[in-house]
Amino acid sequence: MNERTLTLLHQQPVLSEWIDYNKHMNVAYYVLIFDQSLDVFLDDIGLTREYRDSSNCTVYVLETHVTYIQEVHEGDLLDIYVRVLDCDEKRMHLFLEMRHHEKSFLAATSEQMIMHLDKTGPSATPMPDFLQSRLQQHKAEFVDAPIPKQAGAVIGIRRKK
């Protein structure tokens, strides 16, 4: 995958307080950056704070898979890309990439399953048509692109035969 098969969503520099004892960004901050980027995406499709307040609906992340591919360091500028792999009336299946801005290498990926909820339950509830339409538009943008190799990965120890 590369930036031509995903939409640029967000940029974030690596802050000094995010560096761990290994002298690179700690794993928790990869997740933080992906989460902040998810907020940008939700705003982009119309699932804003105003929508959540007026509709009494929100989203929960049901599952996330993060892969750490190449370390990043203090001051590195990161580009976060998103792709809608699938969606239905209540869920969105997203794939995010974190790339080094200057060197373009893939640093990490995050695959997420997100559910739209009525906060009074909380219980799953269909998204309004305008949100479903925007998700379908995002999905259609890269419908012919190959699925990222990290998508749908199963964790486990690979044994040599």
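Scroll up to find the structure this text is about.
This one's a predicted model, so the numbers in the text were calculated from it and none came from an experiment.

*Asks:* Even after reading the chapter, I still don't get the overall build of the chain, so can you show me in this structure?
*Replies:* Along the backbone of the chain there are 3 helices and 6 strands. For 161 residues, the compact-globule estimate of 2.2 N^0.38 gives 15 Å, and the C-alpha radius of gyration of the chain, at 17 Å, lies within 12% of that figure. Looking at the chain residue by residue over its 161 residues, the buried ones come to 41%. Taking the contacts inside the chain whose residues are at least 6 apart along the sequence as the reference set, 71% of them involve residues at least 24 apart. About 9,300 Å² of surface is accessible on the chain, with carbon and sulfur atoms providing 49% of the total.

*Asks:* Sorry if this is basic, but what is going on with unusual backbone geometry here?
*Replies:* Comment: phi is negative for the bulk of residues other than glycine, and the bulk of peptide bonds are trans. Cis geometry is found at the peptide bond from glycine 121 to proline 122, where omega equals -15°. Within the secondary structure, proline 122 is located in the loop between β5 (106-118) and β6 (123-124). The phi dihedral of asparagine 56 falls on the positive side, at around 60°, and the residue is not glycine. Residue position: asparagine 56 is located in the loop between α2 (49-55) and β2 (57-68). Here the phi dihedral of serine 104 falls at roughly 65°; this positive angle occurs in a residue that is not glycine.

*Asks:* Mind showing me how you'd approach the environment of phenylalanine 34 here?
*Replies:* Considering the arrangement of structural elements, one finds phenylalanine 34 in helix α1 (residues 27-45). Residue class for phenylalanine 34 comes out buried when judged on its relative accessible area of 1%. For the pair formed by phenylalanine 34 and serine 133, sequence separation is 99 residues and the distance between their alpha carbons is 23 Å.

*Asks:* Quick question: what am I supposed to make of the packing of aromatic side chains here?
*Replies:* Geometrically, a pair of aromatic rings is defined through the distance of the ring centres and the angle of the planes. Applying the stated criterion across every chain yields a total of 3 aromatic pairs. Taking 5.1 Å as the distance between ring centres and 85° as the angle between the ring planes, the aromatic pair formed by tyrosine 30 and tyrosine 68 counts as edge-to-face. Of this pair, tyrosine 30 sits in helix α1 while tyrosine 68 is found in strand β2, placing the two residues 38 residues apart along the sequence. On the basis of relative accessibility, which here comes to 3%, the residue tyrosine 30 falls in the buried class. Between tyrosine 51 and phenylalanine 130, the ring centres sit 6.0 Å apart and the planes meet at 80°, which makes this aromatic pair edge-to-face. Of this pair, tyrosine 51 sits in helix α2 while phenylalanine 130 is found in helix α3 (residues 129-141), placing the two residues 79 residues apart along the sequence.

*Asks:* For this particular structure, what's the right way to read α1?
*Replies:* Within an α-helix, residues lying three or four positions from one another point in the same direction, as the helix has 3.6 residues per turn. The terminal C-alpha atoms of α1, which comprises 19 residues, lie 28 Å apart, in line with the 27 Å expected from a rise of 1.5 Å per residue. Within the sequence span of α1, burial applies to Tyr30, Ile33, Phe34, Ser37, Leu38, Phe41, Leu42 and Ile45. Its buried side turned inward, α1 meets β1 (7-13), β2, β3 (77-87), β4 (91-100), β5 and α3. Of the residues that open α1, the one with a side-chain oxygen 2.9 Å from the backbone nitrogen of alanine 28 is asparagine 26.

*Asks:* Is there a simple way to explain the side chain of histidine 100 in this structure?
*Replies:* As for its placement among the helices and strands, histidine 100 is situated in strand β4. For histidine 100, the side chain forms a polar contact with the side chain of aspartate 76, separated by 3.4 Å. Reaching out from histidine 100, the side chain makes a polar contact with the backbone nitrogen of lysine 103 at a distance of 3.0 Å. Discounting residues that sit within four places of it in the chain, histidine 100 has contacts with Asp76, Leu77, Leu78 and Phe105.

Criteria and thresholds
- Residues numbered from 1 in each chain as written.
- Predicted model: local features only at pLDDT ≥ 70, side-chain atom pairs only at ≥ 80, totals over all residues.
- Heavy atoms only, no water.
- Helix = DSSP H or I, 4+ residues; strand = E, 2+ residues; numbered from the N terminus.
- Rg over C-alpha atoms; globule rule 2.2 N^0.38 Å.
- Buried < 20%, exposed > 50% of the residue type's maximum accessible area, 1.4 Å probe, protein only.
- Contact = heavy atoms within 4.5 Å.
- Areas by Shrake-Rupley, 256 points an atom, 1.4 Å probe, with all protein chains shown as cover.
- Phe/Tyr/Trp six-rings, centres within 6.5 Å; stacked < 30°, edge-to-face > 60°.
- Expected span 1.5 Å × (residues − 1).
- Polar contact = N/O pair within 3.5 Å; in protein donor to acceptor, adjacent residues only side chain to side chain.

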